[in-house]
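Working through the structure, step by step
Spelled out from the first residue to the last, the chains are:
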Amino acid sequence: DVFDEKGPGAHLADRTRTSLANAYGRWLGFLARTAPNGLDEALGERVTRERVMAFAQHLAQTNIATSVAGLLRSLRAVLRLMAADQDWAWLLTTAKRIEARAERRSKRHRLRTSDELFALGVRLMQEGEATVEGSGHVTKDAALTYRDGLIIALLAVAPMRRQNLAGLTLGQNLQRVSGIWTVMLKASETKNRR
């Protein structure tokens, strides 16, 4: 297997392996529906420009162009692991062409500053506390509002990956030192290994 502990993809991070495996699975699923005999062909014969273009057109029915291009890049990455001796540059060229034609949608109007996000987080925590004080007991809605506010405020001042955020544990990753809460992540828990 490409992604087992001795395969060529063993050095990849778990999330990357999962992402690449999903991309290849989507390709195989498409192939099984549109050209089932292709599954019996050798890898170089199975992955043709015509089939990849049909796959891209199929993906474009439910995905934006940048997502289609990203999936083709992932497919190329898997193929490079499975058949490093073959030239898959044409697949990258295809992905780049799709990306170049993609309609750019500006997200600038949706961007918020860290200060705005921190203020929103604090406001939500205050709303959750006020609900508890008003009713005299902790409701699920109050707890969720407080939790959401805490997450937003925390990420505004200490951005981290979802996996790291979800794994925060009091006394381990989240420690109080001299009255100040500190987030401590091991190098092995971060993307850049720092």
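Presented here is a report on the structure given in the accompanying data block. (Residues numbered from 1 in each chain as written. Predicted model: local features only at pLDDT ≥ 70, side-chain atom pairs only at ≥ 80, totals over all residues. Heavy atoms only, no water.)

**Things to note about the packing of aromatic side chains**
Using the following cut-off: We call Phe, Tyr and Trp rings a pair once their centres come within 6.5 Å, taking the six-membered ring for Trp, and we label the pair stacked below 30 degrees between planes, edge-to-face above 60, and tilted otherwise. Runs of H or I in DSSP of at least four residues are treated as helices and runs of E of at least two as strands, each being numbered from the N terminus. Buried residues are those whose accessible area, probed at 1.4 Å on protein chains only, stays under 20% of the maximum for their type, while exposed residues exceed 50% and partly exposed ones sit between those limits.
This model, assessed by the stated rule, comprises four aromatic pairs. Aromatic side chains Phe30 and Phe55 sit 5.3 Å apart centroid to centroid with 45 degrees between the ring planes, which places their arrangement in the tilted category. Of this pair, Phe30 sits in helix α1 (residues 14–34) while Phe55 is found in helix α3 (residues 49–60), placing the two residues 25 residues apart along the sequence. With a relative accessible area of 5%, Phe30 lands in the buried category.

**As for the environment of Asn173**
The line we're drawing: Whether two residues are in contact is decided by their heavy atoms: any pair within 4.5 Å suffices.
For Asn173, the location among the structural elements is in the loop between α8 (162–166) and β1 (174–177). Residue classification places Asn173 among the buried positions, given a relative accessible area of 8%. Separated by twelve residues in sequence, Asn173 and Leu185 have C-alpha atoms that sit 5.9 Å apart. With residues near it in sequence (within four places) discarded, Asn173 still touches Gly167, Leu168, Thr182, Val183, Met184, Leu185 and Glu189.

**Things to note about α1**
What counts, and what does not: Every helix has an expected span of 1.5 Å times one less than the residues it contains. What the arc covers is the set of directions going from the helix axis to the C-beta atoms.
The terminal C-alpha atoms of α1 lie 30 Å apart, and with 21 residues this matches the ideal 30 Å at 1.5 Å per residue to within 8%. Within α1, the full set of buried residues consists of Arg17, Leu20, Ala23, Tyr24, Trp27, Phe30 and Leu31. Buried positions in α1, seen along its axis, are confined to an arc of 160 degrees and lie on one side of it. Structural note: α1 exposes Asp14 and Arg33 on the side pointing more than 90 degrees away from its buried face. In this fold, the buried residues of α1 make contact with α2 (43–46), α3 and α4 (65–82).

**Section: the packing of helix α6 (residues 114–135) against helix α7 (residues 140–157)**
For any two helices packed against each other, the geometry is given by the interaxial angle and the distance between the axes. To be explicit about the condition: Axes here refer to lines fitted to C-alpha atoms; in helices the fit is confined to the stretch in contact. Angles between the N-to-C directions go from 0 to 180 degrees. When describing relative orientation, an angle under 35 degrees is termed roughly parallel and one over 145 degrees roughly antiparallel, while 65 to 115 degrees is termed roughly perpendicular and anything else oblique. Here a crossing is taken to be left-handed if its near helix is turned anticlockwise relative to the far helix by less than a right angle, and right-handed if that turn runs clockwise. Each residue gets one label: Ala, Val, Leu, Ile, Met, Phe, Trp, Tyr, Cys and Pro are nonpolar, Asp, Glu, Lys and Arg are charged, and the others, such as Gly, are polar.
Packing of α6 against α7 leaves a shortest axis separation of 7 Å and a crossing angle of 160 degrees. Between α6 and α7, the angle falls in the class roughly antiparallel. For the pair α6 and α7, the crossing hand works out as left-handed. Among the residues forming the contact of α6 with α7, the class breakdown is 14 nonpolar, six polar and three charged.

**Details of the pattern of salt bridges**
Working definition: two side chains of opposite charge can pair if their charged atoms are close together. As a reminder, the rule being used: Should a side-chain nitrogen of Lys or Arg be within 4 Å of a carboxyl oxygen of Asp or Glu, the pair is scored as a salt bridge.
If you walk through the whole model with that rule in mind, you get three salt bridges. A salt bridge links Arg51 to Glu41; its shortest N-O distance comes to 2.8 Å. Placement of the pair is Arg51 in helix α3 and Glu41 in the loop between α1 and α2, with a sequence separation of ten residues.

**Quick notes on the pairing of strand β2 (residues 180–183)**
Applicable threshold: At least two DSSP bridges between two strands are needed for those strands to be called paired.
Sheet analysis places β1 next to β2, joined by four bridges and oriented antiparallel. Considered in β2, the bridge of Arg176 is made with Trp181. Count of turn residues in the β1/β2 antiparallel hairpin: two residues, of which Ser178 carries a positive phi of about 55 degrees.

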